Amino acid sequence: SMFKSTPAPAPVVHNINLALSGSPQPNKYVKLDYGIRLNVKDGRSNTNIVQKYDASATVLPRTNVNPTVMEFVPESMRRYMRTMGFGLDADVQTDYMMQVTVKEFHVDYLSGIGWNGTVYMNIEVYNHDRELVYPSVVVSGRATQQGSSTNFDYATHAINQAYFNA
């Protein structure tokens, strides 16, 4: 026919690649006489990586987070703690258990500020008798990166720095 239908352009999907943006002090805790097990839970009420985006009043950009937040956090945290010298997953009978609950993990675009990464996690430590030995603390990290609302390299840098700060 005369009228060819052209498909609507596919929406752009922006990649945010999560990575640890720094290294801890190696072997800082290498002499502890107990190990620690790590348990990471998702306690986010909003799991979107971008929650505020005031470059557009109507739509949040589509994003692909690689790896997912809940794949990334436990794996990177274990690697970080191993580097620091913690014995991980050594012995259930003697180990302490560190319970980490991810409360917020997002990067937002705010006009006049730029990309703003926010990470909040609750941390509690229990002994092998399941007694709380280190009361619940909130660790938080923020990072801001000025730059274009369409450049997700800035967003990636901001969220990775916020996580590392936490």
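See the structure shown above.
These notes cover the structure that comes with them.

Criteria and cut-off values
Residues numbered from 1 in each chain as written. Predicted model: local features only at pLDDT ≥ 70, side-chain atom pairs only at ≥ 80, totals over all residues. Heavy atoms only, no water. Salt bridge = Lys/Arg side-chain N within 4 Å of Asp/Glu carboxyl O. Helix = DSSP H or I, 4+ residues; strand = E, 2+ residues; numbered from the N terminus. Buried < 20%, exposed > 50% of the residue type's maximum accessible area, 1.4 Å probe, protein only. Phe/Tyr/Trp six-rings, centres within 6.5 Å; stacked < 30°, edge-to-face > 60°. Pairing = 2+ DSSP bridges. Axes fitted to C-alpha atoms, helices over the stretch in contact; angles between N-to-C directions. Contact = heavy atoms within 4.5 Å. 1 Å grid on protein atoms, 1.4 Å probe; cavity = no way out; pocket = protein on both sides within 12 Å on 5 of 7 lines; lining within 4 Å. Points joined across faces, edges and corners; volume = space filled by probe spheres on them. Expected span 1.5 Å × (residues − 1).

1. Some thoughts on the pattern of salt bridges
Thinking step 1. All chains considered together, the criterion is met by two salt bridges.
Thinking step 2. R44 is the partner of D42 in a salt bridge, and the nearest nitrogen-oxygen pair spans 2.8 Å.
Thinking step 3. One salt bridge connects E75 with R79, and the closest N-O pair in it is separated by 3.1 Å. Separated by four residues within a single helix, E75 and R79 lie in helix α1 (residues 69-84), roughly one turn from each other.
Thinking step 4. Residue classification places E75 among the partly exposed positions, given a relative accessible area of 39%.

2. Digging into the packing of aromatic side chains
Thinking step 1. Taken as a whole and assessed by the stated rule, the structure comprises nine aromatic pairs.
Thinking step 2. For the pair Y53 and Y109, a centre-to-centre distance of 6.0 Å together with 55° between the ring planes defines the contact as tilted. Placement of Y53 in the loop between β2 (36-42) and β3 (62-66) and of Y109 in strand β4 (residues 96-110) is noted, with a sequence separation of 56 residues between them.
Thinking step 3. The buried category is assigned to Y53, whose relative accessible area is 12%.

3. Overview of the sheet that holds β4
Thinking step 1. Reading across the sheet, the four strands line up as β2-β4-β5-β6 and stay open at both edges, with mixed pairing between neighbours. Strands at the two margins of the open sheet, each flanked by one partner only, are β2 and β6 (132-145). The mean angle between the axes of side-by-side strands here comes to 20°, regardless of whether they run parallel or antiparallel.
Thinking step 2. Bridging between β4 and strand β5 (residues 114-126) involves 13 bridges; their strand directions are antiparallel. For F105, the partnering residue across the bridge sits in β5 and is V119.
Thinking step 3. Its contacts with the sheet place α1 against β2, β4 and β5, and it is angled at close to 160° to β2.

4. Some words on the layout of surface pockets
Over the atoms, a rolling probe the size of a water molecule traces out where space has been left empty.
Thinking step 1. Within this model, the largest pocket holds a volume of roughly 660 Å³.
Thinking step 2. Along the walls of the largest pocket sit 24 residues, with Y80, M81, F86, M98 and I123 positioned nearest its centre.
Thinking step 3. Every element with two or more residues in the lining of the largest pocket is listed here: α1, β4, β5, β6 and α2 (152-165).
Thinking step 4. If one sorts the elements of the lining of the largest pocket by residue count, α1 sits on top with five residues.
Thinking step 5. Of the pockets and cavities examined, the second largest pocket occupies roughly 150 Å³.

5. Notes on α1
Thinking step 1. Here α1 spans 22 Å end to end across 16 residues, near enough to the 22 Å set by a 1.5 Å rise per residue.
Thinking step 2. Those residues of α1 lying buried are V69, F72, V73, P74, S76, M77, M81 and M84.
Thinking step 3. Against the buried residues of α1 lie β2, β3, β4, β5 and α2.
Thinking step 4. One or two steps after α1, the chain reaches G85, where phi turns positive at roughly 105°.

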